[in-house]
Structure formats: C-alpha cells, structure tokens
Amino acid sequence: MRRVLVSLCAVVAAVTTGCADGGDGRAQQDPRPRPQALTWQQELRVADAQQRLTRQCMNRQGFTYWEDRGLTLQESRPVRYVQDDVAWARTHGYGGRIEAKSLRVRERNPNGTYRQNLSPSRRAAFDTALDGGDGARMLTASLPGGGEMRKRVGGCTEEAERALYGDPAEWYRTGKIATGLNALYGKELMEDRHLTAAVRAWSRCMKRAGRPYEDPQAAREAVRVNAGRLGAARADEAFAAERKTAVADATCAHETSLRAVATERETYYLDRLRDRFGKDIDTYRHLGQRAYDRAVRIVPERG
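Described in the following lines is the structure provided in the data block.

About the thresholds
- Residues numbered from 1 in each chain as written.
- Predicted model: local features only at pLDDT ≥ 70, side-chain atom pairs only at ≥ 80, totals over all residues.
- Heavy atoms only, no water.
- Helix = DSSP H or I, 4+ residues; strand = E, 2+ residues; numbered from the N terminus.
- Buried < 20%, exposed > 50% of the residue type's maximum accessible area, 1.4 Å probe, protein only.
- Areas by Shrake-Rupley, 256 points an atom, 1.4 Å probe, with all protein chains shown as cover.
- Salt bridge = Lys/Arg side-chain N within 4 Å of Asp/Glu carboxyl O.
- 1 Å grid on protein atoms, 1.4 Å probe; cavity = no way out; pocket = protein on both sides within 12 Å on 5 of 7 lines; lining within 4 Å.
- Points joined across faces, edges and corners; volume = space filled by probe spheres on them.
- Nonpolar A, V, L, I, M, F, W, Y, C, P; charged D, E, K, R; others polar.
- Contact = heavy atoms within 4.5 Å.
- Pairing = 2+ DSSP bridges.
- Disulfide = S-S within 2.5 Å.

## Comments concerning the overall build of the chain
Then, in step 1: Along the backbone of the chain there are 14 helices and four strands.
Then, in step 2: Looking at the chain residue by residue over its 303 residues, the buried ones come to 44%.
Then, in step 3: Looking at the chain as shown, the accessible area adds up to about 15800 Å², and 49% of this sits on carbon and sulfur atoms.

## Quick look at the environment of H194
Then, in step 1: Looking at the secondary structure, you find H194 in helix α10 (residues 193–208).
Then, in step 2: Residue classification places H194 among the partly exposed positions, given a relative accessible area of 30%.
Then, in step 3: Considering only alpha carbons, one finds H194 and V261, 67 residues apart in sequence, at a separation of 7.1 Å.

## Description of the pattern of salt bridges
Then, in step 1: Scanning the entire structure with this criterion turns up 26 salt bridges.
Then, in step 2: We note a salt bridge from D85 to R77, for which the minimum N-O separation is 2.6 Å.
Then, in step 3: For D85, a relative accessible area of 23% gives the class partly exposed.
Then, in step 4: The salt bridge involving R220 is made with D249; its shortest N-O contact spans 4.0 Å. Here R220, found in helix α11 (residues 216–230), pairs with D249, found in helix α12 (residues 235–255); they are 29 residues apart in sequence, far enough to count as distant. D249 matches R220 in its accessibility class, with the two residues each being buried.
Then, in step 5: Residues participating in the shared-partner salt-bridge network are D48, R69 and R302.

## Structural notes on empty space enclosed by the protein
Then, in step 1: All told, the structure shown has one cavity of 30 Å³ or more when counted by the stated rule.
Then, in step 2: Looking at the largest cavity, the residues that line it are Q41, L44, R45, D48, L73, P300, E301 and R302.
Then, in step 3: Here the lining of the largest cavity is built from residues that sort into three nonpolar, one polar and four charged.

## Brief notes about the side chain of T256
Then, in step 1: Tracing the backbone through its elements, the reader meets T256 in the loop between α12 and α13 (258–271).
Then, in step 2: For T256, a relative accessible area of 19% corresponds to the buried category.
Then, in step 3: Excluding residues within four positions of it along the chain, T256 makes contact with A198, A201, W202 and C205.

## Side note on the pairing of strand β4 (residues 148–153)
Then, in step 1: Relative to β4, strand β3 (residues 137–142) runs antiparallel, the two sharing six bridges. The residue bridging R137 from the neighbouring strand is V153, located in β4.
Then, in step 2: Linking β3 back to β4 in an antiparallel pair, the connection comprises five residues, with G146 at a positive phi of about 110°.

## Overview of the layout of surface pockets
Then, in step 1: Its volume calculated, the second largest pocket comes out at about 470 Å³.
Then, in step 2: Forming the boundary of the second largest pocket are 15 residues, of which G96, R97, E99, V223 and E242 lie nearest the centre.
Then, in step 3: In terms of residue count, α11 provides more of the lining of the second largest pocket than any other element does, five residues in total.
Then, in step 4: Of the residues in the lining of the second largest pocket, the class split is eight nonpolar, two polar and five charged.

## Side note on the state of the cysteines
Then, in step 1: Counted according to the given criterion, the structure contains two disulfides.
Then, in step 2: One disulfide bridge connects C57 with C156, the sulfur atoms lying 2.1 Å from each other. Linking C57 and C156, the disulfide has an S-S dihedral of approximately -75° and is accordingly described as left-handed. Of this pair, C57 sits in helix α2 (residues 40–60) while C156 is found in helix α7 (residues 155–165), placing the two residues 99 residues apart along the sequence.
Then, in step 3: Classification of C156 by relative accessible area gives buried; the value is 1%.
Then, in step 4: Note that C205 is cross-linked by a disulfide to C252, the S-S spacing being 2.2 Å. Here the disulfide of C205 and C252 is left-handed, its torsion about the S-S bond being about -80°. You can see C205 sitting in helix α10 and its partner C252 sitting in helix α12, a full 47 residues away along the chain. Across the pair, C252 and C205 agree in class, each one buried.

Spelled out as structure tokens, the structure:
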C-alpha cells in the first residue's frame, strides 16, 4: 500500500484550497479569495501559446520553427493515479496508444532535424536565438523539501515566457515551490485513514469486477506486463485488455468517490502549509491565470 500511495501525492493537478476538513468533521474556512490552479486544458493552451510565440520570435531571427500540436485535446489529457472518466477509458484505456503516438511525434520532431542540418555557425546561432545559448542566464529555485533546481533561460524562450507570465524567474521559482510541496506531506497522505479506506473500497469493487488489484497502480502495472508479454504481433489484443481494465478502474473510482476523497485529503495537507508557502502558491496561480488570459488571445484550444 505504501508503495502505491506515493503516487497519490500527485493525484490532483489542480488542488483548490480554502475549506478543508481537519479530519474531525470541522471545516476550517479561510475567507480570503485565492486564485485557482489551471486545469490541464488551460495548461495545454498556455503551452501552445508559448510555442506560437517562440515560433514567431524564431522566424524574426531568420529561422524556421515548428509548433508541436501532434495530439488532439482529448489525447493530451493526463492520466493520473485516479482516472474516473469511464467514457475516456472506454476509448483510450490508460492511454497506451497515445503514449506510443506521442513518442513517434517526439522522434519525428522537425526542429531537431532542421537544427542538425544547419552549418555549425548557423546551429550555434539557432541555439542562441532559441534559448540564449551558452551565455544565457541561469534561474534557480529552492525546493520545499530541500535542494535546488536550475534552468537556463534566454532568447525566444525567455521572450515567450515573459510575454505570458511577466517574470520568468518568479514563475520558475514559485512553480517549483507549488509543485514540490508533496515532499512535505507525502508520508502523512500515504497513511491517511480516509484515503486508505477509499483505496480499499476501490480494490473491493475491482475484485467484484473480476480484477483483483490492490490499487490503481497495480492494475496499470498488470496491463503493462500483459502488453509486453503479448508483444507487437498481438497489440490489438493487448489494447482491448487495457481498455477493459481501465473501464473497470474508472467505474470503481467513480463509484467509490476515490478522486473526491484524494482531492479533499490533499487539500487538507496543503492548507496546513499555507502559513509558510501560501504567498508563493498564490503568486504561482496568479501568474498562471494571467498567462492563460493572454494565451486565449494567441491560440485556439486544440480540437
């Protein structure tokens, strides 16, 4: 159980805080308005806008640059520990074929081929135009659980980030804090009695469906092993089995309210950190919302 519940630390991409149950049934209400985290659809649109701005900037520098929009909106949906969309599972399973398609898109990325075919001097100029090259400045961010992350930024990449977020350094710093807080509450979340009870209820539901798995991660691992055993020659058979397991998984997650429980418990643990990190969380979300507001004027949502 401990091995799997680690994954629950990232079960919800957009946890909203403000009212959390402390475990004794008493809600703790914070009246202060707080910016909301972006949905995955909004995050994707911001990423698309950043690519559009980067392409326009590279074109001005005299280079060709291709945007990566190889997946549809629904294909771009992240598959997290709790997947309770039955219709999506019925079509895509756990996203195995989407992952394969995404890998092909990355392998055939025309930007890499284009860069490689440039002369050495033009290749160096391309790198400088894209991200500042070797002379770009380095951003740093301290992680909540300790340690530091670094990122080089410059050129058209920095120009695009600045157009969307305003301050790339502040976006990077607060982003590493907001997305790294699970290092501080992961152990408690893994052992949370509400969450472990919900996972056990999911497991009982799956057993009744003829799929006796301890948790969602175990179900997905079994699907992966089965696909490897069947191989490419029986890929259709493997995908059919993947879809059946994913549908049962999503159905049981929906029937046991696993996502709602996971969201509520993660919100509770996040709220306990707001005294230390609330300002950074809110700044990160505010910058994200501002970027999305700008993104909708730059690119349409994927079809």
